[in-house]
Amino acid sequence: MGIRPIQGRLRTKKGEIDLSDTNRNAYLVLAAMIFAVAMTFIDQTIVSISVPEIQRELDLSETGVQWVINGYLLTLSALFAFGGKIADVFGRRKMVVTGVLVFAIASALCGATPATGLAEAWIVAFRMIQGAGAAIMFPAALAIVIASFPIERRGQSVAIFFGITGALTSVGPIAGGYLTEWTWRSIFWINIPVAIIALILIFISKPDDQPRPQKVDYRGAVLISLGMGLTVLGFQQSSNWGWSSPETIGAIVIGLLVLVAFVRNQLNSETPLLKLRIFKDRAFAANNAVLFLLSIAFVPLFFFAATYSQISLGDSPTDAGLYLLVAFAGFGPATQVGGRILDKKGARYAVVPGTLIAAVGFFFWAGSLTDLSGGLSDQWPFIVLAGFGLGLALGPANTDAINRAPNTSYGEATGITQTVRNFAASLGLAILGTILLTQNRLNLENSLEKIGVPTATADRFAEKLSQAGGGNRAEFVSEFGAKAKQAFGAVQLDYAMATRSVFYVMAGVLALCFLVALVFSPPGRMEEVLVADDETDPGTPGPDRSGAGAPGPSAPAS
């Protein structure tokens, strides 16, 4: 017995959709793909909430804890385009199923990290495997959604896909807070039932799995992975190795040279992993420059805000979740405003004011971070302002970049924009994390010496606290006795000062982003999506006037 078509109409912001000629299975496929990628969106914020607790229990090093976040981002950015290519070659359904299984198994093993000397290598390795799973899964899931709907339904179906999955980033702070109060391991285990539901829906709906044999650029995949990995490694480890050390300089320089080799390889390849020639289009290049600078602040924000809340303000993980959720109070409404501006006037009229508002918000937020007595009650207007600016700019810049990609399929253009965004986030976390660690050590050593702690003891304890997520009051009592209260207060204030430095840098990056958008952002609104004709690939969309066909807050980044 066949599946009967849905009868009736679906009311949306864009109007009513007549469902009488739409196969029920297309919406079942859509639900399956939403569940498949849901894990990756929730992980954007849920892991950041638990970082201090993970660091304390597993005794991770100061850079090791950042690799818990950055390892995921790095593999995601390096393998995203490769994941899209092999999905076309081997079958999209196979790659979604493979990605879901890899992500779920890696999540389970992250939650099972042993509290031994193996902990740091274990959890970082499986976080990187999680990133690989997301990179395999996400491009294939997006292509399946696009291919499952007729051309006149694609803008709306993709809007539903990104509207729901993007909203899940706001679930992370609350879920992460409550789960961490029980055990931080549960933030990884929660992915398992979601994965099971996704696999059941995939089995029932049986989405597209037609292989499209073509040559895969394995050399390009190796070059981009090696180049990104070495570059981020150099910046991430510079706080330990030193900026002038041969290891730091060598990793960064060799990484950049490998990336140059990757660009040359892609420009000369008949079947490139990324069609970099589309950067000749000024509008596409300008939008990606904006996305790069925005992403340096957007994803790392969750990590720095969550650790600041718990270390400097003394918040519980649940309260830290609420602290992060305030940013979404501005971000969520702004994405809707930005989408409407994009439709009516064009991306420029959302991106330019959005980047300026974000820069101002981050600047004033940074200035308020050292007022620990006021905390969230004094900071919330600046947090909302920063979130509003990011939300206003991010979606329109992403949508306009994809819409203006000449002679390029939706999947290929998305592969480039998501590679740019995730690499920028990884690079931003590495550089800003180094600034945080270096500044915090110096601040704490000076503060402890001022209250009469010998220099050697101050150095040792500053190092220890950096590796223990801020420590706890019992450590201070045993170490400093009568001076414990002063020492504990110094840790809270000094971490706040280091975080303030990071947020000022973020404000500066966003100010630069504003200038780039002001000078180079293309004017006017797109009347049509400039992508390949639908006849060339059933997985690419045709003209879409809604501006809804691009990712919302972010493709998966944790």
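Here is a short report on the structure shown in this document. As the structure is a computational prediction, the values presented were derived from the model and not from experiment. (Residues numbered from 1 in each chain as written. Predicted model: local features only at pLDDT ≥ 70, side-chain atom pairs only at ≥ 80, totals over all residues. Heavy atoms only, no water.)

**Some details on the overall build of the protein**
What the protein contains, in helices and strands, is 18 helices and 2 strands. A total of 558 residues make up the protein; the buried ones form 60% of that total. Look at the contacts in the protein between residues 6 or more apart in sequence, and 81% of them connect residues 24 or more apart. (Helix = DSSP H or I, 4+ residues; strand = E, 2+ residues; numbered from the N terminus. Buried < 20%, exposed > 50% of the residue type's maximum accessible area, 1.4 Å probe, protein only. Contact = heavy atoms within 4.5 Å.)

**Structural notes on the nonpolar core**
Grouped together as the largest cluster of nonpolar side chains are 154 residues, with contacts concentrated most on Met-33, Val-96, Phe-161, Phe-362, Trp-365 and Phe-503. A per-element tally of this core places helix α1 (residues 24–58) first, with 19 residues. Setting aside its immediate chain neighbours within four residues, Phe-362 contacts Ala-297, Leu-301, Ala-386, Leu-390, Phe-503, Met-506, Ala-507 and Leu-510. Counting 7 residues, the second-largest nonpolar core is a separate cluster that includes Leu-444, Leu-448, Ile-451 and Val-453. (Core = buried A, V, L, I, M, F, W, Y, C linked by side-chain atoms within 4.5 Å.)

**Describing unusual backbone geometry**
One non-glycine residue, Asp-59, adopts positive backbone phi at about 55°. For Asp-59, the location among the structural elements is in the loop between α1 and α2 (62–90). Owing to a relative accessible area of 56%, Asp-59 belongs among the exposed residues under this scheme.

**Remarks on the environment of Pro-333**
Along the polypeptide, Pro-333 turns up in helix α12 (residues 317–344). Separated by 54 residues in the primary sequence, Pro-333 and Gly-387 have C-alpha atoms spaced 9.6 Å apart.

**Things to note about the side chain of Asn-191**
Inspection of the secondary structure puts Asn-191 in helix α8 (residues 191–205). What makes Asn-191 buried here is its relative accessible area of 2%. Excluding its chain neighbours within four sequence positions, the residues that come into contact with Asn-191 are Met-39, Asp-43, Phe-103, Ser-107 and Gln-130.

**Topic: the pattern of salt bridges**
Under the defined criterion, the tally for this structure stands at 3 salt bridges. Measuring nitrogen to oxygen at the nearest pair gives 3.3 Å for the salt bridge that ties Arg-185 to Glu-57. Here Glu-57 lies in helix α1 and Arg-185 lies in the loop between α6 (171–182) and α7 (186–189), a separation of 128 residues in the sequence. Arg-185 gets classed as buried once you look at its relative accessible area, which sits at 14%. Measuring nitrogen to oxygen at the nearest pair gives 3.1 Å for the salt bridge that ties Arg-92 to Asp-88. Asp-88 matches Arg-92 in its accessibility class, with the two residues each being buried. (Salt bridge = Lys/Arg side-chain N within 4 Å of Asp/Glu carboxyl O.)

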